Amino acid sequence: MAGLSLSMGLVALAGLVLSGRGEPYQADLSQQGPPSARSGSAAGAVQDLLAALEAGDPAGAADLAAEGDGAAREELAAAATNVRALDLTELSARYVDEVGAVSPEGSWTAAVALTWAVAGFDREPARAEVLVDFAGDRERVVITGLGGSDRISPLWWGQRLAVRRTDTALVMAAGDDAASRAQSYLQRVRRAIPVVRRVLPRWRPSVVMEVPASAAGLDASLDVAEGTYSAIAAVTAQADGSGRGDAPVRVFVNPDVTGRLRGAGAQVVISHELVHVATDAANAEIDPWLLEGFADYVALRDIDLRLDVTAARARASVRRSGVPDQLPGTAEFDVSADDLAAAYELAWLVCVEVAAQVGEQGLVRVYELASEGESTRAALAGVGLTPAEVLVAWQERLRKLAS
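Predicted model, so just to flag it, every value in this text is computed and none were measured. (Residues numbered from 1 in each chain as written. Predicted model: local features only at pLDDT ≥ 70, side-chain atom pairs only at ≥ 80, totals over all residues. Heavy atoms only, no water.)

1. Overview of the packing of aromatic side chains
- Summed over the entire model, instances satisfying the criterion amount to six aromatic pairs.
- Centroid distance W156 to W157: 5.5 Å. Interplanar angle 80 degrees. Geometry classified as edge-to-face. One exposure class covers both W156 and W157, and it is buried.
- Ring centres of F294 and Y367 lie 4.3 Å apart, and the angle between their planes is 20 degrees; this geometry places the pair in the stacked category. (Phe/Tyr/Trp six-rings, centres within 6.5 Å; stacked < 30°, edge-to-face > 60°. Buried < 20%, exposed > 50% of the residue type's maximum accessible area, 1.4 Å probe, protein only.)

Okay, here's the thing in structure tokens:
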């Protein structure tokens, strides 16, 4: 009996079993297990996509989607078009592994290791894992989508962009009015560069700015939960979120916030972010009041606005809660803080006070020492100040402001 059982098992594996009358019939092989990802074919599709991107071939990229899948074809064509418009180099793409389970219909999502650099601006390429959606049939594996919610999604990866550039600045923008916004932000960057260089004359400008279609697009570009930066006007950060010291840096703009600002306000935002670019703030560990306060000091230096305008939130905060007993710290600059705008103004006033005591070049020296790794205490000591002296003088400035 044991031998009979074994033989019957082998026959069943071959797809045949015997009926009660000894007549064979074909088994339903589709019920023998769930579909699996065809990773080898998908890896080949990724290499075909890379070839189309390197060639700047929108039609070739689109053909990697199913003929009737208009959305996927548009995404793929857009990526290839953007590569050409941005002059992306250092391109590579490698299939890594499936993310999650394969659907009953045979579709799946995979992580793809991607590198890219903007020629003329990035000294080293950005490196990130992005998501690609696949589906397969007996003939081939097709790409059904780019991007996703579980990985960083570069702005150029799957949506058509407008690109404007000069020798020192490049702006890429998404959305229905992308062309006009790209031009508008490029003009703001060009106006901000001399603002920054008046205080930091040794800076050699090189700015890449990304303007997504919405705040949600900003969150996707930064690989954070939707809504994280809904109240933030702009962020200077690494292009890939890798944490590498040599990763390219971008200015990411929230158009939902900057679009509501008046001309001077929007210009201050851009000048502030360019200070972060000029000082490599994305890779520095500096106390928040000095990091953000110094950027506002430079951005506001030549703005002809009354103090009751530039420090309105700070004054309201002091009148409401009293003079703070310490300088603004990490908690005050959390993106979910109740009065984030006041924290920026309070930090700016600390830097105004430092400059009042040791001059603008003294303030610059404090920032330089801190960015080189010195503690804030040591950086202040470099110009003859102590944190306690700065705190007391700042508190007195706030009392006068609130009176």
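2. Considering the sheet that holds strand β5 (residues 126-136)
- What the four strands build is an open sheet, ordered β3-β4-β5-β6; its pairing is antiparallel. Only two strands of the sheet have a single partner each, and these edge strands are β3 (88-99) and β6 (141-146). Going from strand to strand, the sheet's axes swing by 35 degrees on average, the running direction of each strand aside.
- Summarising the sheet, β3 and strand β4 (residues 107-118) pair through nine bridges and their orientation is antiparallel. Bridged to R94 within β4 is A113.
- Packed on one face of the sheet, helix α2 (residues 39-55) meets β3, β4, β5 and β6 and runs near 165 degrees to β3.
- Strands in contact with helix α4 (residues 70-86) are β3, β4 and β6; relative to β6, the strand with the most contacts, it is inclined by about 70 degrees. (Pairing = 2+ DSSP bridges. Helix = DSSP H or I, 4+ residues; strand = E, 2+ residues; numbered from the N terminus. Axes fitted to C-alpha atoms, helices over the stretch in contact; angles between N-to-C directions. Contact = heavy atoms within 4.5 Å.)

3. Here's the deal with helix α6 (residues 215-222)
- By the burial criterion, the buried members of α6 are A215, L218, D219, S221 and L222. All buried residues of α6 fall inside an arc of 160 degrees around its axis, so they share one side.
- Buried-residue contacts for α6 involve β9 (207-211), β10 (234-238), β11 (249-253) and α7 (255-258).
- One or two positions beyond α6, positive phi appears at D223, with a value near 55 degrees. (Arc of directions from axis to C-beta.)

4. Remarks on the environment of A281
- Here A281 lies in the loop between α8 (263-278) and α9 (288-300).
- Considering only alpha carbons, one finds A281 and E292, 11 residues apart in sequence, at a separation of 9.6 Å.
- Apart from residues no more than four positions distant in its own chain, A281 is found in contact with H276, L291 and Y367.

5. Brief notes about the packing of helix α5 (residues 178-199) against α9
- Between α5 and α9, the shortest axis-to-axis distance is 8 Å and the interhelical angle comes to 110 degrees. Accordingly, the angle class assigned to the pair α5 and α9 is roughly perpendicular. Relative to α9, the crossing made by α5 is right-handed. Judged by residue contacts, V195, V196 and V199 of α5 engage F294, V298 and A299 from α9.
- For the contact of α5 with α9, the class distribution of residues is six nonpolar, no polar and no charged. (Parallel < 35°, antiparallel > 145°, perpendicular 65-115°, else oblique. Left-handed = near helix turned anticlockwise from the far one by under 90°. Nonpolar A, V, L, I, M, F, W, Y, C, P; charged D, E, K, R; others polar.)

Honestly, it's all geometry; don't read function into it.
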